[in-house]
Amino acid sequence: MPLTAESAGKAVEAAQPAGAGNDLRLKLDYATKTAGVYPIVLVTYEIVCSKGTDAAKLPLLKGFLTYLAQQSTQQDLAGIGYATLPASVLSKVDTAINAIS
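Below, the structure is looked at part by part. The structure presented is a predicted model; accordingly, all values stated were derived computationally and were not measured.

## Comments concerning the overall build of the chain
Part 1 of the argument: A tally of helices and strands in the chain yields four helices and two strands.
Part 2 of the argument: Going from N to C terminus, the chain has its helices and strands arranged as α-β-β-α-α-α.
Part 3 of the argument: Projected onto its principal axes, the C-alpha positions of the chain cover 45 × 30 × 15 Å.
Part 4 of the argument: Of all 101 residues assigned to the chain, the portion counted as buried reaches 25%.
Part 5 of the argument: Taking the contacts inside the chain whose residues are at least 6 apart along the sequence as the reference set, 56% of them involve residues at least 24 apart.
Part 6 of the argument: Accessible surface computed for the chain: about 7,000 Å², of which carbon and sulfur atoms make up 59%.

## Observations regarding the side chain of Ser-7
Part 1 of the argument: Tracing the backbone shows Ser-7 in helix α1 (residues 5-14).
Part 2 of the argument: For Ser-7, a relative accessible area of 2% puts it in the buried group.
Part 3 of the argument: Within polar-contact distance, the side chain of Ser-7 engages the backbone nitrogen of Thr-4 at 2.9 Å.
Part 4 of the argument: With sequence-adjacent residues up to four places away left out, Ser-7 is seen in contact with Met-1, Pro-2, Gly-36, Val-37 and Tyr-38.

## With respect to the pattern of salt bridges
When charged atoms on two side chains of opposite charge get close, those side chains can pair.
Part 1 of the argument: All chains considered together, the criterion is met by two salt bridges.
Part 2 of the argument: Lys-10 is the partner of Glu-6 in a salt bridge, and the nearest nitrogen-oxygen pair spans 3.5 Å. Taken together, the positions of Glu-6 and Lys-10, both in helix α1 and four residues apart, correspond to about one turn of that helix.
Part 3 of the argument: Residue class for Lys-10 comes out partly exposed when judged on its relative accessible area of 33%.
Part 4 of the argument: Asp-23 is the salt-bridge partner of Arg-25, the closest N and O atoms lying 2.8 Å from each other.

## A word on helix α2 (residues 58-69)
Part 1 of the argument: The end-to-end C-alpha distance of α2, which contains twelve residues, comes to 17 Å, matching closely the 16 Å that a straight helix rising 1.5 Å per residue would cover.
Part 2 of the argument: Residues of α2 that are buried include every one of Leu-58, Leu-61, Leu-65 and Ala-69, and no others. Down the axis of α2, the buried set is contained in an arc of 75°. They therefore lie on one face. Opposite the buried face of α2, by more than 90 degrees, sit the exposed residues Pro-59 and Leu-60.
Part 3 of the argument: Elements in contact with the buried residues of α2: α3 (71-79) and α4 (87-99).

## A short note on the packing of α2 against α3
Part 1 of the argument: Running from N to C, α2 and α3 cross one another at 60°; their axes reach a closest spacing of 5 Å. When the axis of α2 is compared with that of α3, the two are oblique. Facing α2, whose interface residues are Tyr-67, Leu-68 and Ala-69, α3 presents Gln-71, Thr-73 and Gln-74.
Part 2 of the argument: Of the residues in the contact of α2 with α3, the class split is three nonpolar, three polar and no charged.

Rules used throughout
- Residues numbered from 1 in each chain as written.
- Predicted model: local features only at pLDDT ≥ 70, side-chain atom pairs only at ≥ 80, totals over all residues.
- Heavy atoms only, no water.
- Helix = DSSP H or I, 4+ residues; strand = E, 2+ residues; numbered from the N terminus.
- Buried < 20%, exposed > 50% of the residue type's maximum accessible area, 1.4 Å probe, protein only.
- Contact = heavy atoms within 4.5 Å.
- Areas by Shrake-Rupley, 256 points an atom, 1.4 Å probe, with all protein chains shown as cover.
- Polar contact = N/O pair within 3.5 Å; in protein donor to acceptor, adjacent residues only side chain to side chain.
- Salt bridge = Lys/Arg side-chain N within 4 Å of Asp/Glu carboxyl O.
- Expected span 1.5 Å × (residues − 1).
- Arc of directions from axis to C-beta.
- Axes fitted to C-alpha atoms, helices over the stretch in contact; angles between N-to-C directions.
- Parallel < 35°, antiparallel > 145°, perpendicular 65-115°, else oblique.
- Nonpolar A, V, L, I, M, F, W, Y, C, P; charged D, E, K, R; others polar.

Following this line, the structure appears as structure tokens:
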């Protein structure tokens, strides 16, 4: 399977949750033989506290995370060689962002 943004994204989509609730850590299957999945990917995470953030900084934090998770930003990232997040993962990211208070 060649490495493409699509095949790397499918690896993320096929990953199993390693956290609970809004902890979106993933357990990737690096030995998968699933068709269309390139299993050797590295996922980066943004780590934030879901509670206790200074109220004055909260809009900035949520704005930054929302920017990263929007479709246009995801498309821009694809243009520089990053795999975009699948819609199923983006919906979980949106839920986690909205839970920050």
